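# Observations on the three-dimensional arrangement
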Amino acid sequence: MKRFLWLALVFAPPAPAQDYPAREIRSVCNFSVGSGADIVVRYYSDKLAALAGKPVVVENRTGVQGTLASEYVAHAKPDGYTIMITPASSTLAAARYMFKQLRFDPDRDFAPVTTLAKLSFAIAVDAKAPVRSIAELTEHLKKKPGHGAYATGSNTGQVTGELYKEMAGLSTTYVPYKETMTALSDTIGGRVDFMTYDITFLVPQVRAGRLRILAVTSASRRASLPDVPTMAESGFPGYDLAPWWGVAVPAGTPRAVVDRLAGWFNQITASEETKKFLENLATDPFPGSPESMAALLKTEIEQWGKYARLAKIEPQ
């Protein structure tokens, strides 16, 4: 009798979606505490907890341009209790072009849930620096031995810098950073000449008088930064990088759970509070569905191949 009871427990079907969640959810963040990514992840995680009725605990797993967190989620149990709120165009679509050996497959190891928001990256310098435009930055760098150095901590940040270098004829050294605040400190301290980060992180630094944004990477100017030109306007026609946020769970997560999560996240994105939150971060709402995110991810994987070739990025 005990043997049959044990077998029944082992092979019992998963709990139906109406019972989800029955316990706390782990929300994995690819980047460090205090980064622009961390701000977005914690906001959405708090809102999800209110809708789900269970705690949502943020866990920062930093390193290797966000891929350590992606790897962790890819291999987590597919039960809906491990989720990743992430700049997916960078952490998933770009990853295969940045690293020779990935321990996850961006196509097969994740179940897309929904898109959340679109944003831009930017090139920024110390607010006290005399450099006030991309043209002036290029001139400044060309006078330095080796054309100086730049800081970033993500795939998108690296492509931002490498595309600029290639189009401007620079050999500036790329310096990867695990901690965003360290990159900020080194930029202000003059140890690197500029930084390429998401404007979610950069805008508060500009408001605090620490940094000056020279240009954004998106095709059009941002409403929150109307006086800041695009890279295309700064002399680099065709330059267009507009990363987007999405939610992913391990492949094999029950579709009913995925649908429930998608409904909650789209409800959060549609709220006026979230619209204001995203506006303050110079980010636009971008709701979707599992199908639309899957299609977009496929397109982005192809697009990132073009970016990597244009920027002459060699996989590490």
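For the structure, see preceding data.
First, a word on scope: everything that follows refers to the structure included in this document. (Residues numbered from 1 in each chain as written. Predicted model: local features only at pLDDT ≥ 70, side-chain atom pairs only at ≥ 80, totals over all residues. Heavy atoms only, no water.)

### Observations regarding the overall build of the protein chain
Stated precisely, the cut-off is as follows: Secondary structure elements follow DSSP: runs of H or I no shorter than four residues count as helices, runs of E no shorter than two count as strands, and numbering proceeds from the N terminus. This radius of gyration counts C-alpha atoms alone. The globule rule is 2.2 Å times how many residues there are, raised to the power 0.38. The classification of residues rests on relative accessible area computed with a 1.4 Å probe and restricted to protein chains. Under 20% of the type maximum is buried, over 50% is exposed, and intermediate values are partly exposed. Note on contacts: a residue pair qualifies if any of its non-hydrogen atoms lie within 4.5 Å across the two residues. Every accessible area reported is derived by Shrake-Rupley at a probe size of 1.4 Å, with residue values counting cover from the shown protein chains alone. Charged residues are defined here as Lys and Arg on the positive side and Asp and Glu on the negative side; His and the ends of the chain fall outside this count. We put the charge of a Lys on NZ, of an Arg on CZ, of an Asp on CG and of a Glu on CD.
When helices and strands are tallied, the protein chain shows twelve helices and eleven strands. In summary, the protein chain has a C-alpha radius of gyration of 21 Å against a globular reference of 20 Å for 316 residues, a match within 12%. With the C-alpha coordinates of the protein chain rotated into their principal frame, the extents come out at 80 × 40 × 30 Å. For the protein chain, buried positions account for 53% of its 316 residues. Pairs at least 24 apart in sequence give 76% of the contacts found in the protein chain among residues at least 6 apart. Carbon and sulfur atoms provide 55% of the accessible area of the protein chain, an area that totals close to 14100 Å². Across the protein chain, the centroid of the 35 positively charged side chains sits 3 Å from that of the 31 negatively charged ones.

### Digging into the side chain of Glu-162
Take Glu-162: it is sitting in helix α7 (residues 155-168). Setting aside its immediate chain neighbours within four residues, Glu-162 contacts Tyr-150, Tyr-174, Ala-311 and Ile-313.

### Overview of the sheet that holds strand β3 (residues 82-86)
Note the following rule: DSSP bridges decide pairing: two strands pair if at least two such bridges lie between them. Every axis corresponds to a line fitted to the C-alpha atoms, with the helix fit spanning only the stretch in contact, and the corresponding angles, defined between N-to-C directions, vary from 0 to 180 degrees.
With respect to topology, six strands assemble into an open sheet ordered β2-β1-β3-β10-β4-β11, the strand pairing being mixed. Among the strands making up the open sheet, the edge pair consists of β2 (56-60) and β11 (284-285). Note that strand β1 (residues 25-29) and β2 share five bridges and pair parallel. Note on β2: the bridge partner recorded for Ser-27 is Val-58. Each of β3, β4 (110-118), β10 (244-250) and β11 touches helix α10 (residues 255-270); the most contacted strand, β4, lies at about 5° to it.

### Quick word on the pairing of β4
When you tally the buried positions in β4, you get eight out of nine residues, the bulk of the element. Both β4 and β10 contribute to a ladder of seven bridges, which runs antiparallel. What sits directly across from Phe-110, in β10, is Pro-250.

### What about the sheet that holds strand β7 (residues 173-176)?
The five strands are arranged β7-β6-β8-β5-β9 in an open sheet whose pairing can be described as mixed. Each end of this open sheet is capped by a strand with a single partner; those strands are β7 and β9 (211-216). Sheet twist, expressed as the mean angle between neighbouring strand axes with direction ignored, is 30°. Relative to β9, strand β5 (residues 121-126) is paired through five bridges, and the arrangement is antiparallel. Bridged to Ala-124 within β9 is Ile-213. Sheet strands touched by helix α9 (residues 199-207): β5, β8 (194-198) and β9. Its angle to β8, the strand with the most contacts, is close to 120°.

### Notes on helix α6 (residues 134-142)
Put simply, the test is: This arc is taken over the directions from the axis of the helix to the C-beta atoms.
Along α6, the positions that sit buried rather than exposed are Ile-134, Leu-137, Thr-138 and Leu-141. End-on view of α6: buried residues confined to an arc of 100°, all on one side of the axis.

### Some points on the environment of Ala-262
Looking at the secondary structure, you find Ala-262 in helix α10. For the pair Ala-262 and Pro-176, spaced 86 residues apart in sequence, the C-alpha to C-alpha distance is 33 Å. The residues contacting Ala-262, other than those within four sequence positions of it, are Val-113, Thr-114 and Pro-290.

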